[in-house]
Amino acid sequence: MDHAADAHRTDLMTITRFVLNEQSKYPESRGDFTILLSHIVLGCKFVCSAVNKAGLAKLIGLAGETNVQGEEQKKLDVLSNEVFIKALVSSGRTCILVSEEDEEATFVEPSKRGKYCVVFDPLDGSSNIDCGVSIGTIFGIYMIKDGGEPALEDVLQPGKNMIAAGYCMYGSSCTFVLSAGRGVNGFTLDPSLGEFILTHPDIKIPKKGKIYSVNEGNAKNWDGPTAKYVEKCKFPKDGSSVKSLRYIGSMVADVHRTLLYGGIFLYPADKKSPNGKLRVLYEVFPMSYLMEQAGGQAFTGKQRALDLVPEKIHERSPIFLGSYDDVEEIKALYAAEEQK
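Residues numbered from 1 in each chain as written. Predicted model: local features only at pLDDT ≥ 70, side-chain atom pairs only at ≥ 80, totals over all residues. Heavy atoms only, no water.

- Per an unreviewed UniProt entry, the protein goes by Fructose-1,6-bisphosphatase, cytosolic and derives from Fraxinus pennsylvanica.
- Taken directly from UniProt, the Sequence similarities (unreviewed entry) text for the protein runs: "Belongs to the FBPase class 1 family." (UniProt positions renumbered as here; feature names shortened; annotations may be inferred.)

Here it is in structure tokens:
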């Protein structure tokens, strides 16, 4: 019997223990962030459970309404949104919440207010529910500017001001990926314990990848640099090897694969969507934050993604994110286009 291996298995680094360990490095910390995070984790566990039994519980199918983005809402979207709003408000640590599902930001009542603003997409990729493809929750956390009443300006900050970001992917396993500005860590839900266990410590994205991920159905509407880059992936002229195409169409799943295996994820602007399709606050920023923390890059076609200053809560942006060297290539193509 391998006692060393057994001992290793019994010393479980749960997400709660991990966050408390991090908190202990900051003697001035009051534990507010830890409490907020535990409420986000609880929301993810609830949604994970709901997603797993969606077919049984008749939660699939349209709720009959259309959300602010013009997408027909699935019942699970509605449920997930309610779960996260209630979990975040009840934490007593938030003051403004921005959800993909709600047209307006939610301002928490004064008696339950805290110093954090949370931006989130409660169920990204929900059009994939019916076919069993991985979907997920994406979130980013800002700290309110000191003093005064919370205002929308507190969330309309560049992504580099976020203090933490992450996502939870509901797939073959339930995976929670988090960064609080000191690297990226991945946790997997152990259903028998109901706990997230650290399974991917200190994730680092490979410097260069062999995969590109883009919806090629939009190719006829692409701009020059995107078309050139994808052409180069398929028909390299410099002797480098061909890249493989992998595209799931669920941002959490595509970014998760990019983070672990390397490569590049692209959702460019095109003639049909001149500002891109993905939302800045709760899709582009959190994923860009994680990529940079893991040693990758994120670029909008004009600038570093995290430097973007949003003007509206549901603003959209093009995005190119992934391995450092791969994003450098697309940056070079945009720079060359500028000089023409």
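1. Examining the packing of helix H5 (residues 224-234) against helix H8 (residues 324-339)
Packed helices, taken two at a time, are described by their axes: the angle between them and the distance between them.
No. 1: Between H5 and H8, the shortest axis-to-axis distance is 9 Å and the interhelical angle comes to 140 degrees. As judged from the angle between their axes, H5 and H8 are oblique. Handedness of the H5/H8 crossing: right-handed. Where H5 approaches H8, its residues Pro225, Thr226, Lys228, Tyr229 and Lys232 are matched on the opposing element by Asp326, Glu329, Ile330, Leu333, Tyr334 and Glu337.
No. 2: Among the residues making up the contact of H5 with H8, the classes are represented as five nonpolar, one polar and five charged. (Axes fitted to C-alpha atoms, helices over the stretch in contact; angles between N-to-C directions. Helix = DSSP H or I, 4+ residues; strand = E, 2+ residues; numbered from the N terminus. Parallel < 35°, antiparallel > 145°, perpendicular 65-115°, else oblique. Left-handed = near helix turned anticlockwise from the far one by under 90°. Contact = heavy atoms within 4.5 Å. Nonpolar A, V, L, I, M, F, W, Y, C, P; charged D, E, K, R; others polar.)

2. A few points about the packing of aromatic side chains
The relative placement of two aromatic rings is captured by the distance of their centres and the angle of their planes.
No. 1: Inspection of the entire model under this criterion finds eight aromatic pairs.
No. 2: Taken together, the ring pairs connect Phe139, Phe176 and Phe196 into an aromatic cluster. (Phe/Tyr/Trp six-rings, centres within 6.5 Å; stacked < 30°, edge-to-face > 60°.)

3. Remarks on the UniProt feature "domain: Fructose-1-6-bisphosphatase class 1 C-terminal" (unreviewed entry) in the protein
No. 1: This chain's UniProt record puts "domain: Fructose-1-6-bisphosphatase class 1 C-terminal" (unreviewed entry) on residues 205-334.
No. 2: In residues 205-334, helix accounts for 36% and strand for 15%; the two terminal C-alpha atoms are 23 Å from one another.

4. Considerations on the environment of Pro150
No. 1: Here Pro150 is to be found in the loop between strand E6 (135-143) and strand E7 (164-170).
No. 2: What makes Pro150 buried here is its relative accessible area of 14%.
No. 3: Once residues lying within four places of it in the same chain are set aside, the contact partners of Pro150 are Cys95, Ile96, Phe107, Arg113 and Ile144. (Buried < 20%, exposed > 50% of the residue type's maximum accessible area, 1.4 Å probe, protein only.)

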